[in-house]
Amino acid sequence: MTILTRFRGHVPRHRTPLLIQPVRATFKSLLIALVYLLVSGATANAGTFTMTFDDLPDPVAGQFWGWHGGDVPSTYFGLQWQGFLYENVPANSQQYGGSAGGLLSGLMSGSNVAFDGAPGPELSSTSLFDLNSAYVTAAWRDNMQMEVLGFAGGLLRYDLTYTLQSTRATFIQFDLLGVDSVRFNTYGGTVHPYPYGGNNYFAVFDNVTVAVIPEPSCIFLAASGLCALLLVQRRSL
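Since the structure is predicted, the reported quantities are computational estimates derived from the model, not experimental observations.

### Observations regarding the pairing of strand β12 (residues 203-212)
On any regular strand, side chains alternate: one points to one face of the sheet, the next to the other face.
Phase 1: Counting buried positions over the 10 residues of β12 gives 9, a clear majority of the element.
Phase 2: Judged from the 5 bridges that link them, strand β1 (residues 47-51) and β12 form a sheet pairing that is antiparallel. Considered in β12, the bridge of M51 is made with V208.
Phase 3: Across 2 bridges, the pairing between strand β5 (residues 112-116) and β12 is antiparallel. Bridge pairing links F115 to V204 in β12.
Phase 4: Relative to β12, strand β6 (residues 122-138) runs antiparallel, the two sharing 8 bridges. Note on β12: the bridge partner recorded for S133 is T209.

The structure is reproduced here in structure tokens:
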């Protein structure tokens, strides 16, 4: 009886009850997860992808301006494309006697490239995205200038200019972060003496890398859920 009485009563102050220790560990884990979410949420990417345009269909020659190509779909990879065309470079090169100008120089992978088929083409989205990089070539001109304008909420955030060549592709690290619209303006340069070609100001794009930024509401909902769990765990201590 003496032994039972000695250990009866509250738990000694210098020791944490065994049932509370796992609860505190869970509370600490949730707190770390919340801090990580808030710190990384502003720059976290829902997905980064490289667009090669090689998954686009190849129309029969003669159905679109007499060559293998067409319009880049307006919702390609979830983005909105305005004024962009694409073409199958090897097929068109064979059709026109082996000459495809900067379209062939700008082909980095597969068989397709995209190019600006109208003045001032635009790449946009209803949510923010990052235009990271791309291989860009002038279709028919040497030392052609390309101005790149990045907007967010209608405000101009980036205004960059690059010099493009028709005989080689230029890898451009755009680093246009947190934009919802990007416009391209091309001008200047001199016509390259290709056997077959034109004097237009087409800019050729391949392997375009973009990152889509998650909606703030998604981050808010996740953070709110973690805060609720933290409150419950806190009250249970």
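### A look at empty space enclosed by the protein
Phase 1: One pass over the full model with this rule turns up 1 cavity of 30 Å³ or more.
Phase 2: W81, F84, L123, L131, A134, F174, F184, F205 and V208 are the residues that line the largest cavity.
Phase 3: Elements with a contribution of two residues or more to the lining of the largest cavity: β6, β10 (170-187) and β12.
Phase 4: For the lining of the largest cavity, a count of residues per class yields 9 nonpolar, no polar and no charged.

Thresholds, definitions, all that
- Residue positions are counted from 1 within each chain, in the order its sequence is given.
- Where totals are concerned, whole chains, interfaces and linings use all residues; where local detail is concerned, this predicted model gives features only for residues with pLDDT of at least 70, and gives and counts side-chain atom pairs only at 80 or more.
- Values shown for side chains rest on all heavy atoms present in the structure; no hydrogens or waters enter the calculation.
- For each residue, the accessible area found with a 1.4 Å probe, counting protein chains only, is set against the maximum for its type, and the residue is called buried under 20%, exposed over 50%, and partly exposed in between.
- Counting from the N terminus, the helices are the DSSP runs of H or I reaching at least four residues and the strands are the DSSP runs of E reaching at least two.
- Only strands that DSSP links by at least two bridges are regarded as paired with each other.
- Of the two site types, the cavity is a set of points on a 1 Å grid over the protein atoms alone where a 1.4 Å probe fits but cannot get out, and the pocket is an open set with protein on both sides within 12 Å along at least five of seven lines, each lined by residues with an atom within 4 Å of a point.
- Grid points are joined across faces, edges and corners, and a volume is the space filled by probe spheres set on the points.
- Each residue receives one of three labels: charged for Asp, Glu, Lys and Arg, nonpolar for Ala, Val, Leu, Ile, Met, Phe, Trp, Tyr, Cys and Pro, and polar for the others, Gly being one of them.

Note that every value here comes from positions in space, so none of it alone points to a role or purpose.
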